[in-house]
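The lines below spell out each chain.
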2 protein chains.
Amino acid sequence: MELIETLLMTPGPVHLDSETMLAGAATLLHHRTSDFSPIYSECLELLKKFIGVKNNLFLTTSSGTGAMETAIANLFNEGETILNVQTGVFGVRFTKICQAFNLKTVELKCEDGKAVRVEQIAEALKQHPEITGVTITFNETSTGVCNDIEAVGNYLKDKNVYLVVDGVSGLGALPYNHDKWNVDATVTASQKGFLAPPGVGMVALSDRAWEKAQKVKVHGFYFDLKEYKRNQDLAVPAYPWTPAINVMYSLLVALRKIDKIGLDNCINHYHRLAEGFRAGLKALGIKVFTEEKALSNVLTVFYVPEGINPKEIIKEMVERYGIRIAGGQEQFSNTLLRVTTIGNIAERDIISTLGIFEMMLKEKGALKEVGEGVKAAMNYFLNN
Amino acid sequence: MELIETLLMTPGPVHLDSETMLAGAATLLHHRTSDFSPIYSECLELLKKFIGVKNNLFLTTSSGTGAMETAIANLFNEGETILNVQTGVFGVRFTKICQAFNLKTVELKCEDGKAVRVEQIAEALKQHPEITGVTITFNETSTGVCNDIEAVGNYLKDKNVYLVVDGVSGLGALPYNHDKWNVDATVTASQKGFLAPPGVGMVALSDRAWEKAQKVKVHGFYFDLKEYKRNQDLAVPAYPWTPAINVMYSLLVALRKIDKIGLDNCINHYHRLAEGFRAGLKALGIKVFTEEKALSNVLTVFYVPEGINPKEIIKEMVERYGIRIAGGQEQFSNTLLRVTTIGNIAERDIISTLGIFEMMLKEKGALKEVGEGVKAAMNYFLNN
């Protein structure tokens, strides 16, 4: 429908409001000036608070993948062995990055839709005592799996093993605390729970990680955090290179809004939306891919009824009704759908997404009668 | 919910997309130049096509009320007698304007929620042969009543009585043809069916109306169309005074979009939304205020269940769920609600508005079980 704008129910970029987007339309400021520096510094302060890191936070001009690369490049010397917990596509991505930096990798492939158990990590460390780092995805956007970072951090804290967490889709959307949870590197980005456009990566480091980073010879130039630190410590704090200036304008507006509402309130809101959406799916007899205890606020990954092509559903939902949802990634592209419940969205968007989804199923003969999904979501919202 | 933007389901201003709004953020051009003039001229051409007027169309820098005043001020001399068909607040507004211009008025008050019948007009003309003009509302935003302008125009066409139509909320949303329907003056504005922000009024005149206007002494200066005509005929067509320049930028983007989609397709889309919404209300046992044959695409006016305060519904729907609907006007403010089905909106917005409305009713004890309204709307959309 050309008359309307598309509602993004995709797990990143998420749907943003015009206040945030319009902030990015302001005239550019030069980035090495006292005009721009307060914007940069305030973003850093608010992000430190939301990530739960007291000392070391760096912003990269990159996507989340760039932030992942930054953590690996700065924390590990060539030849070190890294355990990569894989609960989906983004867990595998850490393996690829590690290998590109000539690190040795041990891959811990978890069962489909299941979170890693600490015992699995313990077992891998026992079998590979040479492991010096563990990478793990907080919330896997490809499978909906949310891993228990607190438990993993607690297990690793007294070991000489550095914990690197991909928090790209989880930060801002789920409770998290880098320092308290004994994480060494948390990487995230602007376009998911922090409700801003893409373009800014974030890397938080523990003190011991920062200390180790001093002794790492970074292969590469752009992501060398020593240069970031030197620029951050200038009288007028700056980036080493040119930042995504207007993305930072939007990011600051979004972070201030989150701060005003309260991060906990945002997280609770997303929880409500996610549970409401899943109540709808349940009423429709739709099977969720992710195991119950690994479910999160960020997104729900679910099977389409047999005989239905998820790609057709996606195409028709956006072309006919202006709602963009996502499909399964890689081997799941013909069986799964993914719908986010974070962003500048609310109950109304869950109701309409479920409603249009039901209409699609009805048309394709996979549903006898429409209405049960939205009804269940509405009842969830009324009762919670 | 501070996290989200408000969805406008109000009958004007209607919900607009950011493409239209952002067009209005461009740098100002000077209005008496060949830079701006093509924008003005293209708006005029597209509007002539959509209103169905070949020769005389003028744009005012005003709201719809300013356009109403323009028609009255230019068409009638002091002392003439005008019949004001009243099917709601905006019908009465014409009486007030006529009286402010020292015209004599005959008021034809129609029954609540009912359209005027041609016989009623014939009877009034018979009783008051001195009547030289008839004012009528095409689509009454206060009551949802849509009057049959074609029938009235057909009846009046051979009489020496000038027909003035308030088309503010109907144009762009319902089939209409100024010339074919023998209307003498059609007034409308930018913020409803033409999908632009408020600020531009529109006045279309028949040839005989324009001829009569030459002989009218306009009381006032700002709305004297003779000055508009003189400026429109300049080598570089212009407004007589300063136009709402950036509203015109948005208006042009919106009109081009309507033209690309096709005005008929827009009208059919709104019809579908209106019927879907009313199918939902019917399933909920909600009584519509407007008589069946006077219903339109523009909005639906309906009673709240007994014991429910519509003002509370409106307040909670917007504050808790980000959906803005409207209440009844004047004597109906404690009994009626009004929901539009035009604007940059679609099926998803009808489903979510009905869903949230049902949740409100359930919470207030006026509904046993949620879900029947959205279900009926979804089924309507599936079957139509």
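Quick notes on the rules
Residues numbered from 1 in each chain as written. Chains lettered and ligands numbered in written order. Predicted model: local features only at pLDDT ≥ 70, side-chain atom pairs only at ≥ 80, totals over all residues. Heavy atoms only, no water. Buried < 20%, exposed > 50% of the residue type's maximum accessible area, 1.4 Å probe, protein only. Helix = DSSP H or I, 4+ residues; strand = E, 2+ residues; numbered from the N terminus. Pairing = 2+ DSSP bridges. Salt bridge = Lys/Arg side-chain N within 4 Å of Asp/Glu carboxyl O. Patch = residues over 30% accessible without salt bridge, like charges linked within 9 Å, V, L, I, M, F, W, Y side chains within 5 Å. Areas by Shrake-Rupley, 256 points an atom, 1.4 Å probe, with all protein chains shown as cover. Lys, Arg positive; Asp, Glu negative; His and termini not counted. Charge placed at Lys NZ, Arg CZ, Asp CG, Glu CD. Contact = heavy atoms within 4.5 Å. Core = buried A, V, L, I, M, F, W, Y, C linked by side-chain atoms within 4.5 Å. Buried area = accessible area lost by both parts, 1.4 Å probe. Polar contact = N/O pair within 3.5 Å; in protein donor to acceptor, adjacent residues only side chain to side chain. Nonpolar A, V, L, I, M, F, W, Y, C, P; charged D, E, K, R; others polar.

Colleague: Please provide a residue-by-residue account of the pairing of strand 8 (residues 201-205) of chain B, values included.
Modeller: Residues and elements named next belong to chain B. In terms of residue burial, strand 8 counts as a mostly covered element, since 5 of its 5 residues are buried. The alternating pattern of strand 8 places Gly-201, Val-203 and Leu-205 and Met-202 and Ala-204 on opposite faces, both of which are buried. Summarising the sheet, strand 2 (residues 56-60) and strand 8 pair through 5 bridges and their orientation is antiparallel. Within the sheet, the bridge partner assigned to Phe-58 lies in strand 8 and is Val-203. As paired elements, strand 7 (residues 185-189) and strand 8 share 5 bridges and run antiparallel to each other.

Colleague: Let's hear about the pattern of salt bridges: which residues, and what values?
Modeller: Residues and elements named next belong to chain A. If you walk through the whole model with that rule in mind, you get 44 salt bridges over all chains. Here Asp-224 makes a salt bridge to Lys-226, at a shortest N to O gap of 3.6 Å. Looking at Asp-224, the relative accessible area reads 18%, which means it is buried. Taking relative accessible area as the criterion, Lys-226 reaches 29% and is therefore assigned partly exposed. Salt-bridge contacts for Arg-278 lead to Glu-275; the nearest nitrogen and oxygen are separated by 3.1 Å.

Colleague: Can you tell me about a negative patch on the surface, naming the residues and giving the values?
Modeller: Residues Glu-369 and Glu-372 of chain A together with Glu-369 and Glu-372 of chain B make up a contiguous surface patch of negative charge. Turning to its location among the elements, Glu-369 of chain B is positioned in the loop between helix 12 (347-363) and helix 13 (372-383).

Colleague: If you had to explain the side chain of Thr-353 of chain A to someone new, which residues and values would you point to?
Modeller: All names here are of chain A. Relative to the assigned elements, Thr-353 resides in helix 12 (residues 347-363). We classify Thr-353 as buried; its relative accessible area is 1%. With residues up to four places along the chain from it excluded, the contact list for Thr-353 reads Leu-7, Met-9, Phe-277, Met-317, Ile-323, Ile-325 and Val-339.

Colleague: Account for the nonpolar core, naming residues and giving values.
Modeller: Residue and element names in this part refer to chain A. Membership of the largest hydrophobic core comes to 73 residues, with the highest contact counts inside it found for Leu-59, Phe-194, Met-248 and Leu-251. Top contributing element to this core by residue count: helix 9 (residues 245-261), with 10 residues. Apart from residues no more than four positions distant in its own chain, Leu-59 is found in contact with Tyr-40, Cys-43, Leu-44, Leu-47, Val-200, Gly-201, Met-202, Tyr-228, Tyr-239 and Met-248.

Colleague: If you had to explain the environment of Ala-213 of chain B to someone new, which residues and values would you point to?
Modeller: Residue and element names in this part refer to chain B. Tracing the backbone through its elements, the reader meets Ala-213 in helix 7 (residues 207-213). By relative accessible area, which is 1% here, Ala-213 ends up buried. With 13 residues separating them along the chain, Ala-213 and Lys-226 place their C-alpha atoms 8.2 Å apart. For Ala-213, the contacting residues outside a window of four places in its chain are Asn-74 and Lys-226.

Colleague: If you had to explain the interface of chain B and chain A to someone new, which residues and values would you point to?
Modeller: Contacts between chain B and chain A engage 46 residues on the former and 46 residues on the latter. The largest per-residue losses of area from chain B upon contact with chain A belong to Leu-3, Arg-348 and Leu-382 of chain B, which jointly make up 21% of the total buried on that side. Here chain B and chain A share 2 salt bridges between them. Here Lys-260 of chain B makes a salt bridge to Glu-2 of chain A, at a shortest N to O gap of 2.9 Å. Along the contact surface separating chain B from chain A lie 12 residue pairs in polar contact (both at pLDDT 80 or more). Counted by class, the side of chain B that touches chain A contains 21 nonpolar, 10 polar and 15 charged residues.

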